[in-house]
Amino acid sequence: MLPGVAAKTKAVLTGRRGAPLMQLYWDLFRLVRKGAVYSTTTTWIFRLAPVAGLVTPLLALGLLPLDGRHALFGFTGDFVGFAALLALGRFTLVLAALDTGSSFEGMGASRDATFASLVEPALFLSFVVLALASGQLSLEGMLGGTQALPWGAAAPALAMAAASLFFVLLTEASRMPVDDPATHLELTMIHEVTVLDHSGPDLALLLYGAALRMALFAALLVGVLASRGRLPGPAALGLLVAGLLTVAVAVGVVESSMARFRLSRVPQFLVAASVLASLGAILQLLS
Amino acid sequence: MNLCFWGLATIVAAAGCAAVLRSRPVLADRAYGLLVAVGCVVAAAPAVSVLAGGSAADIQIPIPAPSGPWVFGLDRLSAAFLLVVLGPGLASALYGLRALGGDGSRRGVATARALFAVELAALALVVLARAVVPFLVAWEAMAVLAYFLVTFDNERAEVRRAGWVYLVATHVGTLALIALFASWAGAGGGLTFDALASRAGSLPARGALVLCLALFGFGLKAGLVPLHFWLPDAHASAPTHVSALMSGVVIKMGIYGLIRVVSLLGAPPAWWGWLVLVSGVLSGVLGVLWALAQHDLKRLLAYHSVENIGIILIGLGTGALGAAYGVPLVAVLGFAGAVLHTMNHALFKSLLFLGAGATVHATGTRIMDRLGGLGRRMPFTWVSFLIGSVAIVGLPPLNGFVSEWVIYLGLLRGGTAGGSIRLVLLGVVGLAIIGGLALACFAKVCGVVFLGVPRSDAALHGHEVAGGMLGPMFGLAGACAFIGLAPGLAVGPALVVGASIARIPFPASGSEVFAGIVRLGLWSLVLVVLLALGAVAWAAVRRRRSLTRAETWGCGYALQNERMQYTASSFAAPLLAAYGRLAGVHETHAHGGRAFHSQARELVLDGAILPAWSAVRGVLARLRPLQHGRLWVYLLYVIAILLLLLLYLAQGASP
């Protein structure tokens, strides 16, 4: 639903009425009932990618303490697993794109891999800030539990990490200013062109997986910004939903207020995200 | 321990077998394969029992030499590295049986087989030696035998050059090692490792000289940047199973040496830990960046060895810092991560080299931009190679992820401890950059070589390789999956080895690691099950829909061909551009912009060492006129020197 909220925000801000909030679900429903076209070049990896694209964010969601207390399945150092799961999903997607032998999808795959590799340090550095602030090595420990993140003492560092995570979200969810989810002009798009040859049910899974990915990072961001360990269960979940919606609105605002970067500028944006997070880590080390 | 020697004797007997029976190749190959396999299993058995908690043992061979007794021993560290040698070594030897000489060309094959087996034995002796002289003898045997193995195709000029550079580099390294042990042993005292350990406290400056020489000498063998310059050429030019052994095992001896020195010296000074950590980050990032720029499949894999040595050194540096600053958990996690990643890299790197060798065998080219679409033609090789790729990128559910997890834990525990050790978090940045780049690099390799449409006739006519070559690959892939899915069985012993290197009992605060590893294993299983279930369920959904097969959608262009596909260089171009000149890509335009050529340069060898060497040669060339070749000139020299000596003596006598 989050891409829908972002799209709606964008529409409202630009003075249009926009598609209904639930448009993505309608699209998914329509796609699942359709047949699919497979390129003669493709192999099993092309068919595996949509499944991996759904399973990896789902399992990563299991690592986050969504109710503010416990994760479904956390362990020490599971932030490494969080990043590696998303990387696994991306790896299969990039391979599936190269599987078609099309130059368009090759282009998308190449850009996807490039930006993913540049965004990785920012993600890990944000985790470092969280670990330093909380003293814990699992996402459950960092974001959940009754011990709230020390927003008093470590506020600047945490704010920098949160900003960096927001940049990561924009990249991972293929939003502006890194990617343009609305365009179908091959030369400018990244994620859209990577999945160009997927159709029907496969495309539905990929779209849903991408939306989950956005929700995943939004939930991570909400976890950092609003510790909900002390709230009763329903209130914590309510706050989570409200937070997710806020993040989606923020994405929409960013999208309607700025243009896509030139491709050669995107690495600088991503390096800025890493620098921000590392400043946060340094601040935290000094304190 | 005795069993180890029987195993090694069997491996050497296999070498004899290959050499003696060269007139009956079929029989010789069978006997060789059987003997090597039996030897490796027999020699590995005591190592496994030591790692499972058995007691270590030493044996002495009384040799009447001034160098003192030749002691050999099997402790936990040796046991771990013995497995590193024997597992991938066995797989490479069996693969070599089929790959080398399987096509009927027999010139030099018997000799190469024999040398390979002796090389395995020499490698095993390096990790078993417990005294300076047998260690250096085994080390030198390993280095020289590797030279002969690398230069198997010695009719090609670039192979001879690679072998020559390797030979020079390895001997410079050995020289540093001799200096190391000489400065450590001093004038008197024994030359056994125990004797060295007992003198560790009396070394000047806490062993600074020893540690620096170790980092140089062993680093040259391990291939850390900038001492890696010999490695890409040597690994790319060797026959494939030799490349697998070199990349998977031989360079690990450098790591073994470093760890052994640290464990003999005790906690190293902090500056050395920082030095190792920083050079690890440098090696890792530059190694993978240079790998990304390569067009040659085997050179690319060779650069990835530089990268993984970097990751191992990050672990080792973390361990050393933990020991230096007195944080036991960090020390154990760092050392354990280094040892485990050594094992893992040995497994997946030899797997990848064997897979690359299979594609070269099938198509006759190592240039990635001429391959493509091999996944359909070589399905088993493709799956093995994919497993190796997922493992080396450090993705779950395979072994690379497990060891990187251990190293990350060590780094983060260092970061949450107090004091200056917290700067160890630098390693996190390094590991994250390495991980992202490695993903891009292996997406490129897998995609360009195995997926898409064949880019040349050679790739079009590629075919699956014989079972004799697939078997070893399956074995290695199985080992990668096993460590990934049952990580407790590997991490547990690795932690014990780590504690034995740091010479401390396992800290009680480490129980979170054990709890974590169990859940990590479960989590990996869940991932596999979910992926499998999802794939099956989705296949069922698809079956109910109408499926059409058509050409790849070309956005309206009708005439697509294989040359329009993204190539290896175009895939990597945006990422390399982001790193600028550091990537070492050399681009040339010709014919008024109509032709474009890009080429990856080896920055250290071609950019620094060879120019420096030719400058030295230029200076020395000025001295050429001294060598006239005429007898009277030399007589003049002799007389002049004699006069000078007499003058000197006269001066000394006069006062």
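Residues numbered from 1 in each chain as written. Chains lettered and ligands numbered in written order. Predicted model: local features only at pLDDT ≥ 70, side-chain atom pairs only at ≥ 80, totals over all residues.

Next up on the list: the overall build of chain B. The secondary structure content of chain B amounts to 25 helices and five strands. Relative to the globule expectation of 26 Å for 655 residues, the C-alpha radius of gyration of chain B, 27 Å, shows essentially globular dimensions. Considered along the principal axes of its C-alpha atoms, chain B spans approximately 110 × 70 × 60 Å. The long-range fraction of contacts in chain B, counting pairs at least 24 apart against all pairs at least 6 apart in sequence, stands at 80%. (Helix = DSSP H or I, 4+ residues; strand = E, 2+ residues; numbered from the N terminus. Rg over C-alpha atoms; globule rule 2.2 N^0.38 Å. Contact = placed C-beta atoms within 7 Å.)

Further remarks concern the overall build of chain A. Counting its regular elements, chain A contains 11 helices and one strand. Expected size for 287 residues packed as a compact globule is a radius of gyration near 19 Å; at 19 Å, chain A falls within 12% of this value. Oriented by its inertia axes, the alpha-carbon framework of chain A measures out at about 55 × 40 × 35 Å. In chain A, of all internal contacts separated by at least 6 residues, the share reaching a separation of at least 24 is 78%.

Residues and elements named next belong to chain A. Look at helix 5 (residues 103–134) against helix 11 (residues 266–286): their axes get within 8 Å of each other, and the N-to-C directions meet at 15°. The angle between helix 5 and helix 11 falls in the class roughly parallel. Relative to helix 11, helix 5 is oriented so that their crossing is left-handed. Of the residues in helix 11, those in contact with F115, L118, V119, P121, A122, L125, S126, V128, V129, L132 and A133 of helix 5 are V266, P267, L270, V271, A273, S274, A277, S278, G280, A281, Q284 and L285. Among the residues forming the contact of helix 5 with helix 11, the class breakdown is 18 nonpolar, five polar and no charged. (Axes fitted to C-alpha atoms, helices over the stretch in contact; angles between N-to-C directions. Parallel < 35°, antiparallel > 145°, perpendicular 65-115°, else oblique. Left-handed = near helix turned anticlockwise from the far one by under 90°. Nonpolar A, V, L, I, M, F, W, Y, C, P; charged D, E, K, R; others polar.)

Turning to the confidence of the model for chain B, a few remarks are in order. When pLDDT is averaged along chain B, the result is 87; 94% of the residues meet or exceed 70. Scoring of the predicted complex yields 0.91 for pTM and 0.91 for ipTM. (pLDDT = per-residue confidence, 0-100.)

Turning our eyes to something else, we now look at the domain arrangement of chain B. If you check the domain split of chain B, you get domain 1 (274–539), domain 2 (585–622) and domain 3 (626–655). For domain 1 of chain B versus domain 3 of chain B, the separation of C-alpha centres amounts to 63 Å. (Domains from an automatic or database assignment.)

It is worth spelling out the interface of chain A and chain B at this point. With 63 residues of chain A in contact, the opposing surface of chain B contributes 66 residues. Going through the elements one at a time, strand 1 (36–39), helix 3 (44–61), helix 4 (78–99), helix 5, helix 9 (200–225) and helix 11 of chain A are the ones with two or more residues in the side of chain A that touches chain B. Counting residues per element, the side of chain A that touches chain B draws most heavily on helix 5 of chain A, at 19 residues. Across the side of chain A that touches chain B, the residue classes tally to 38 nonpolar, 19 polar and six charged. Inspection of the sheet shows strand 1 of chain A paired to strand 3 (residues 547–550) of chain B by four bridges, in the parallel sense. When the bridges of strand 3 of chain B are listed, A36 of chain A appears paired with L547 of chain B. (Pairing = 2+ DSSP bridges.)

With that settled, the discussion passes to helix 11 of chain A. Across its 21 residues, helix 11 of chain A extends 30 Å between first and last C-alpha, which sits within 8% of the 30 Å expected from 1.5 Å per residue. Three or more residues of helix 11 of chain A are buried, namely V266, L270, A273, S274, L276, A277, S278, G280, A281 and Q284 of chain A. (Expected span 1.5 Å × (residues − 1). Buried ≥ 20, exposed ≤ 12 C-beta atoms within 10 Å, placed from the backbone.)

Once that is clear, we can look at helix 6 (residues 157–185) of chain B. All names here are of chain B. In this model, helix 6 (29 residues) spans 42 Å end to end at C-alpha, consistent with the 42 Å of a helix rising 1.5 Å per residue. The set of residues buried in helix 6 consists of V159, A162, G163, Y166, A169, T170, G173, L177, L180, F181 and W184. On its buried side, helix 6 packs onto helix 5 (132–150), helix 7 (193–198), helix 8 (208–222) and helix 9 (231–237). Positive backbone phi, approximately 70°, marks G186, located one or two places after helix 6.

What follows concerns the environment of D197 of chain A. Residue and element names in this part refer to chain A. You can see D197 is positioned in the loop between helix 8 (191–194) and helix 9. In this structure D197 comes out as buried when scored by C-beta crowding, with 25 C-beta atoms within 10 Å. Through-space distance from the C-alpha of D197 to that of T42 is 9.7 Å; in sequence the pair is 155 residues apart.

This part takes up unusual backbone geometry. Residues and elements named next belong to chain B. Across the junction of V225 and P226, the peptide omega takes the value 5°, indicating a cis bond. With an omega of 5°, the peptide bond running from P396 to P397 counts as cis. Among the structural elements, P397 can be located in the loop between helix 16 (379–393) and helix 17 (399–416).

Take the environment of I407 of chain B next. Residue and element names in this part refer to chain B. Topologically, I407 is positioned in helix 17. For I407, a count of 29 C-beta atoms within 10 Å puts it in the buried group. Remark: the alpha-carbon pair of I407 and L431, spanning 24 residues in sequence, is separated by 9.1 Å. Non-local contacts of I407, meaning those with residues more than four positions away in its chain, are made with I311, I314, G315, T318, G337, H341 and L431.

A few words now on the packing of helix 7 (residues 155–172) of chain A against helix 9 of chain A. Residues and elements named next belong to chain A. Between helix 7 and helix 9, whose axes approach to 9 Å, the crossing angle comes to 175°. Between helix 7 and helix 9, the angle is such that the two are roughly antiparallel. Of helix 9, the residues touching helix 7 (which contributes L158, A161, A162, L165, F166, V168, L169 and E172) are R213, M214, F217, A218, L220, L221, V224 and L225. Residues of the contact of helix 7 with helix 9, tallied by class, amount to 14 nonpolar, no polar and two charged.

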